[in-house]
Amino acid sequence: MDKSYKIKKKIIDKVAKYTISIGGIGTIFAVLLVFFFLFYTVLPLFQKGDTKFQNKIVLKDKINPVHGIVDEYGVTGVIFDGKMIDVISLATGEILSKIPLDETLSTFNYNSKNRSYIFGTTDGRIIEADISFKREEMESDLEGTKNEDKFVVENDYLVEYKNGKKNTYKIDITTKELLKLNNRIILVDGIFQDRESSIVAITDDGLLHIIHIQIKENILTGENNKEIEDKSIDLKDYFKSGYPDYSKINSSGNGIFIFFKDGRFINIDARNLDDLKITEDKKILENRKITYLDFLIGRNTILIGDDKGYVTTWWLTEDKLNKNNYIFTNIHKFYTGSDSDVKFIYPSQRDKSFAVLNGDGIFSIFHMTSENLLFQSREEFKASLILMNQKNDKIFLISEDRYSSYSFNVPHPEVSLKTLFGRVQYELTSKGEYVWQSSSGSDDFEPKFSLIPLIFGTIKSTIIAMLFAIPIAILAAIYTSEFVNKKYRNSIKSTIEIMASLPSVVLGFLAGLIISPLVENVVLSLIGCLFMVPFSMLLLGNIIQILPKDLFNYLSRYRIFMILIFALPLGIFLGVNLARIAEKILFYNDFKYWLQNYEYSPLGGWFIVLTPLGLILTIYVYRRFLYGFYENILEGRSYNAAAVIEVIKFLVLTFFTILTTFLIAYIITKIGLDLRRDLPFIERIMGTYVQRNALIVGFVMGFAVIPIIYTVSEDALRAVPEHLRSASLATGATIWQTAVNIVLPVAASGIFSAIMIGFGRAIGETMIVLMAAGNTPIIDMNIFSGFRTLSANIAVELPEAVIGSTHYRILYLAALVLFIMTFIVNTIAELVRIRYRKKSSQL
Amino acid sequence: MQKFIVLTALMLTMGANVVMADSVRVDKNLPTYKPIKGVSGNIKSVGSDTMNNLMTLWAEKYNSYYPNVKIEIEGKGSSTAPAALISGTAQFGPMSRPMKGKEIDDFEKKYGYKPLGLRTSIDMLAVYVNKDNPIQCLSLEEVDAIFSKTRKRGFGKDITTWGDLGLTGEWSNKAISLYGRNSASGTYGFFKEHVFKNGDYKDSVKEQPGSSSVVQAVTNDRYGIGYSGIGYKTAGVKAVPLAEKKGGKCIPAEASHAYTGDYPLSRFLYVYINYKPGEKLDPLRGQFLKLIFSKQGQEVVVKDGYYPITNNIAKQELSKFRF
């Protein structure tokens, strides 16, 4: 051979080798890069934040802190001391002003949502003191301070010079009398909303007042229309041993909680103002005393601090015996770090975390939902308050004469492995659940970040789509590779491949807006057709054999047309009519109502679900026990007679299938198992019909997956060496026998990877599920209900997630989970494929 | 001991000249918009879906004065507005609810000042049923029991079929099919806060990507119920009159109740901008806002099915920034 050619070959070889290697390594590198990027975005979710001591300042005057509020920047604050409000500059330690309140105050409560105090007086007045913090920004007028940041006190206001700006921090305290009752107020609490306010007050004549104020503001005239409704209930008998120490009203204004220091609790149901009910009077703390108590943000959860160093959380849960009744229940228990009494609890204004201070000076920040301890430390001086600013990034410990401040930075307090993957009992619920509800329009919302419903939705949609797609795609592949005339093979194949080129958003649109409303009216008929179309094909296949042999041979060339012209319409006709009859007999005239009404017998549903089992059982029994008997009958018959017997056999077996199915269904029904509510693990496979449901998505996604599975498995089938087929056919096997017994096993690895590729496509599919699945993040195996998949969830929610926020990172975690899921599926596929390939290469 | 006092207090009288008939008219005192010279550039708005059409109509109007301005509008939900304003991808953030504290914090963390929110128009959040549905009235307690699993308004039992609401005949045993908005939506948050009192949605509420898909879904689903802004009302659906309390007066979602405060679910629609306090707003955005708060801008509001603000509100909003 000539030398230059050799060199050329060598060069080309080298070039090819390196290009391919670079390509391969590049691909692996790209995949790894994606993985690391996802991982890098997700990782901060699980990192502890950093909280640092900032400074300690001695106050220039003594105060008596009972309660306090800090402005959002954490530079000024107000301290309430029982009689007056001290305005403090937290930046410099000066007391800016002392604002005296009414002399006759008898009780107070703090309303964190409105940042206001509500006071009761000895002469029965109820007063609201609204505290608003303002920052006025101006250009700095101070010479030479352009580059110097500092705080000074000017005219009793705190002023900050920063970046050439002069910020003045002002605090407005406006008090207004809300209403007047006739007696001394013992306890008072209230909530104030745009349209409605509710106040609860206990007066020293033993009455508990509930006052609803409804405000309608006319935008045009500015007129305020107020309706006040005042109801009361006599609790004298309950207060024999003394008046209670705390009273609280919940966010909806219809639950009133009364506490005594010794742990006694009274629950008043105020849902109906004309019928106030005392639903509970019980001891909620045994051997412990309540030392501090407040609502968590949102006013649903009560935090109770006791004298043994615990903080317990409580809310109303549904009574199991009487669903209309609610019981005050303990949910979480937090240990504050020592056995000393809890002195103060401050609920965060941004999320479900709270700060606790105990008698030993140990202070901790907990997050309720995740039960995370976000920070814990000890202060040497004897602090009596722990406060946080509204932005949640500063902590203040305040004593009579000094205070210390900490910078607090825990960006993702609500995340723990348990909140992501475990059952969590969220506020106001009675049991632990997996819930995805990521955001809402208010700060007091408790985000629910369980990925389980999304993972479940992904698996559910994939399984249903695959159940639909696998048989069709593989049978179609067998048909085109083994049966069809070679002339048509390529055109059929490319036609099916065109299906794959349909954008999935088009399929989703069709499914969501056209198919689902149509299917809704004909569900049962559709199910009927699912059974009857294959049945009528088989039936026709049997009947056609009765025809004279020549005619049969002639016709069998047109079997596809025969199926389209006869079997398909017949199947649909049978399916629709059977469904109509079944609806009457088995489903009490209304299938959809049957689905949700558990009083109806589940027999019909079992019948549908168990038909495949009945079929398999019948075939097994026939093959195992009756086949020989049947062959004996056929022995020596003429072709035509045998064909007739064949048809009879088919009908008898059909009858047996129905009978077997019915029997099993009947037995299960008699046992009392209902497929609509009490299956083990999956609870139900049928239930209330929802227009956009798993069945629709299954169909349409199956449609999207079929071409892929079909093409790959058809290639695999066609790759089976021709000599195997010829050998099989030559020994007298039919095409079908050859296909099933020879070709299929050899092509198994290819078909398996076809299925797995389909699987991978179905798992990641977004647009179809997004548009047709209803996107309800529920865990329900019901084929007539919707679901939400990981991918659809990312598509729906990513635009609203602020970069770097918890929500944003959790969406990336969802992506990572999806990545891992497809990774596992593909790895299994590859392993199995390699094993099969080794086997088949031995042929 | 029971007392029932009704107080009608005349707090303020604003000089408003809107004639309240069934058709909505724009406040006569609103200034007429006069275009200025030399406005051009690109505007991008990201935010509320409820206000999507409204923003588009304003944009069209704006374009008719300034053909050189290119305007892009994206409406995937109010929660996308803060994210877009913070990252700087949008100049306008229409929102159907006020920004929440956390969002303002995030904004302030990046820019050092708070975003500016302006009340641009009034919406009545309506509860829609299919046009064939015979239901006459729903109280908020019932709406809460239909959509929410927490039932914080205190309705005695869960409502799952139309029969539970007192419908008879073919409706009595039909399951109620629930449609709602995705959680990014301000409407979702508003409904949750004002109807459920911050309770939780049932898991079976089908979340639709936009207001129009909610209405579309209810049109196609005879047994459906959904909610969205009044601007999306079509002939295929019916807005159910709402009562604040069970047994209370049913108030239809009609113009005459938009301003009186009788309808329990009316709200302002906001536009948020990134405005550094004390500085002058660039003419591109300034003129757009000026247009919104003008007679022409508010006529657009009426055209889209929402309710215009009064001159007084417009004045208040315009005084919040300099341009």
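What counts, and at which threshold
- Residues numbered from 1 in each chain as written.
- Chains lettered and ligands numbered in written order.
- Predicted model: local features only at pLDDT ≥ 70, side-chain atom pairs only at ≥ 80, totals over all residues.
- Heavy atoms only, no water.
- Disulfide = S-S within 2.5 Å.
- Helix = DSSP H or I, 4+ residues; strand = E, 2+ residues; numbered from the N terminus.
- Pairing = 2+ DSSP bridges.
- Axes fitted to C-alpha atoms, helices over the stretch in contact; angles between N-to-C directions.
- Contact = heavy atoms within 4.5 Å.
- Buried area = accessible area lost by both parts, 1.4 Å probe.
- Salt bridge = Lys/Arg side-chain N within 4 Å of Asp/Glu carboxyl O.
- pLDDT = per-residue confidence, 0-100.
- Phe/Tyr/Trp six-rings, centres within 6.5 Å; stacked < 30°, edge-to-face > 60°.
- Buried < 20%, exposed > 50% of the residue type's maximum accessible area, 1.4 Å probe, protein only.
- Lys NZ or Arg CZ within 6 Å of the ring centre and 35° of its normal.
- Patch = residues over 30% accessible without salt bridge, like charges linked within 9 Å, V, L, I, M, F, W, Y side chains within 5 Å.
- Areas by Shrake-Rupley, 256 points an atom, 1.4 Å probe, with all protein chains shown as cover.
- Lys, Arg positive; Asp, Glu negative; His and termini not counted.
- Charge placed at Lys NZ, Arg CZ, Asp CG, Glu CD.
- Parallel < 35°, antiparallel > 145°, perpendicular 65-115°, else oblique.
- Left-handed = near helix turned anticlockwise from the far one by under 90°.
- Core = buried A, V, L, I, M, F, W, Y, C linked by side-chain atoms within 4.5 Å.

(A) Highlighting the state of the cysteines. Residue and element names in this part refer to chain B. Here the structure, examined in full by the defined rule, presents one disulfide over all chains. Sulfur-sulfur distance for the disulfide between Cys-137 and Cys-250 comes to 1.9 Å. Across the disulfide from Cys-137 to Cys-250, rotation about the S-S bond amounts to roughly -95°, and the bridge is consequently left-handed. With Cys-137 in the loop between strand S5 (116-130) and strand S6 (138-139) and Cys-250 in the loop between strand S11 (242-243) and strand S12 (266-273), the pair connects residues that are 113 residues apart, well separated along the chain.

(B) Representation of the sheet that holds strand S18 (residues 264-269) of chain A within the structure. Residues and elements named next belong to chain A. Pairing is antiparallel across the open sheet formed by four strands, whose spatial order is S16-S17-S18-S19. Of all the strands in the sheet, just strand S16 (246-249) and strand S19 (277-283) have a single pairing partner and so form its edges. Across this sheet, the average inter-strand angle for adjacent strands is 15°, counted without regard to direction. Relative to S18, strand S17 (residues 255-259) runs antiparallel, the two being bridged by five bridges. Following the sheet pairing, Gly-255 is matched in S18 by Asp-269.

(C) Quick look at the interface of chain A and chain B. Across the boundary between the two partners, chain A contributes 75 residues, which contact 79 residues of chain B. For the pairing of chain A and chain B, the buried interface totals around 6,400 Å² over both sides, and the portion due to carbon and sulfur atoms is 46%. Contact with chain B buries area across many residues of chain A, yet Arg-195, Ile-219 and Leu-220 of chain A alone supply 11% of it, more than any other trio. The interface formed by chain A and chain B holds 14 salt bridges in total. Linking Glu-108 of chain B and Lys-391 of chain A is a salt bridge whose minimum nitrogen-to-oxygen distance equals 2.5 Å. Elements with a contribution of two residues or more to the side of chain A that touches chain B: strand S8 (125-139), strand S14 (207-217), strand S15 (224-234), helix H5 (504-521), helix H9 (591-596) and helix H16 (790-797) of chain A. With nine residues, S15 of chain A is the single largest residue contributor to the side of chain A that touches chain B.

(D) Local environment of the confidence of the model for chain B. Residue and element names in this part refer to chain B. Scored by pLDDT, chain B comes out at a mean of 87, with 93% of its residues at no less than 70. Here strand S1 (residues 2-9) stands out as the least confident element of chain B, with mean pLDDT 36; strand S4 (residues 92-95) is the most confident, with 96. Note that residues 1-22 has pLDDT below 50 and, in this model, 51 contacts with residues that lie over four places away or in other chains.

(E) Region of the structure containing the packing of aromatic side chains. Throughout the structure, instances matching the rule amount to 68 aromatic pairs over all chains. Measuring from ring centre to ring centre gives 5.4 Å for Phe-80 of chain A and Tyr-117 of chain A, while their planes differ by 35°; the resulting arrangement is tilted. Here Phe-80 of chain A, found in strand S3 (residues 76-80), pairs with Tyr-117 of chain A, found in strand S7 (residues 116-121); they are 37 residues apart in sequence, far enough to count as distant. This pair shows no difference in class: Phe-80 of chain A is buried, exactly as Tyr-117 of chain A is. Taken together, the ring pairs connect Phe-257, Phe-259, Phe-265, Phe-295, Trp-314 and Phe-328 of chain A into an aromatic cluster. The ring of Tyr-310 of chain A is capped by Lys-333 of chain A, whose NZ or CZ atom sits 4.5 Å from the centre of that ring. For Arg-267 of chain B, the ring lying beneath its charged end belongs to Phe-190 of chain B, and the centroid distance is 5.3 Å.

(F) Molecular detail of unusual backbone geometry. Residues and elements named next belong to chain A. The backbone of Asn-155 shows a phi angle near 50°, a positive value even though the residue is not glycine. Residue position: Asn-155 is located in the loop between strand S9 (150-154) and strand S10 (157-162). Judged by relative accessible area, Asn-155 falls into the exposed class, the value being 70%. For Asn-775, which is not glycine, the phi torsion reads 55° and is therefore positive.

(G) Broad picture of the sheet that holds strand S5 (residues 95-100) of chain A. All names here are of chain A. Judged by pairing direction, the sheet is antiparallel, and its four strands sit side by side in the order S2-S3-S4-S5 without closing on themselves. Here the strands that pair on one side only, and so sit at the sheet edges, are strand S2 (67-70) and S5. Along the sheet, successive strands turn relative to each other by an average axial angle of 15°, direction set aside. Bridge analysis of S2 against S3 gives four bridges, and the strand direction is antiparallel. Residue pairing for S3: Ile-69 is matched across the bridge by Val-78.

(H) Quick peek at the pattern of salt bridges. Enumeration over the complete set of coordinates arrives at 70 salt bridges over all chains. Lys-216 of chain A is the salt-bridge partner of Asp-262 of chain B, the closest N and O atoms lying 3.8 Å from each other. Of this pair, Asp-262 of chain B sits in the loop between S11 and S12 while Lys-216 of chain A sits in strand S14, on two different chains. The class for Asp-262 of chain B is partly exposed, based on a relative accessible area of 23%. Given the relative accessible area of 18%, Lys-216 of chain A is considered buried.

(I) Geometry of the pairing of strand S20 (residues 290-295) of chain A. Residues and elements named next belong to chain A. Extensive coverage of S20 is indicated by the burial of five of its six residues. Relative to strand S21 (residues 302-306), S20 runs antiparallel, the two sharing five bridges. Opposite Asp-294, over in S21, you have Leu-303 as the bridge partner. The turn linking S20 back onto S21 is made up of six residues, and Gly-298 within it adopts a positive phi angle of 100°.

(J) Seen up close, a positive patch on the surface. All names here are of chain A. On the surface, a cluster of positive charge is made up of Lys-3, Lys-6, Lys-9, Lys-10, Lys-14 and Lys-17. Mapped onto the fold, Lys-14 is located in helix H1 (residues 3-42). Judged by relative accessible area, which is 45%, Lys-14 ranks as partly exposed.

(K) Looking closely at the side chain of Arg-115 of chain A. All names here are of chain A. Structurally, the position occupied by Arg-115 is in the loop between strand S6 (105-111) and S7. Asp-71 is the oppositely charged side chain nearest to the buried, salt-bridge-free Arg-115, at an N-O distance of 7.0 Å. Setting aside residues no more than four positions away along its own chain, Arg-115 makes contact with Ile-69, Val-70, Asp-71, Tyr-110, Ala-129, Asp-130, Ile-131, Phe-133, Tyr-346, Gln-349 and Gln-390.

(L) Highlighting the packing of helix H6 (residues 523-543) of chain A against helix H11 (residues 639-671) of chain A. All names here are of chain A. Contact geometry for H6 and H11: axes closest at 8 Å, N-to-C directions at 155°. If you check the angle between H6 and H11, you find them roughly antiparallel. Regarding H6 and H11, the two cross each other, and that crossing is left-handed. On H11, the residues touching Phe-535, Leu-538, Leu-539, Asn-542 and Ile-543 of H6 are Glu-646, Val-647, Phe-650, Leu-651 and Thr-654.

(M) Spatial organisation of the nonpolar core. In this structure, Leu-138, Phe-147, Trp-162, Phe-191 and Ile-225 of chain B are the most contacted members of the largest nonpolar core, which totals 100 residues. For this core, the leading source of residues is S5 of chain B, giving nine residues. Residue contacts for Phe-191 of chain B: discarding those within four places in its chain leaves Leu-125, Val-127, Val-143, Phe-147, Phe-196, Tyr-201, Tyr-227 and Leu-265 of chain B. Judged by nonpolar contacts, the second largest core, of 63 residues, contains Ala-465, Leu-524, Ala-579 and Tyr-710 of chain A.

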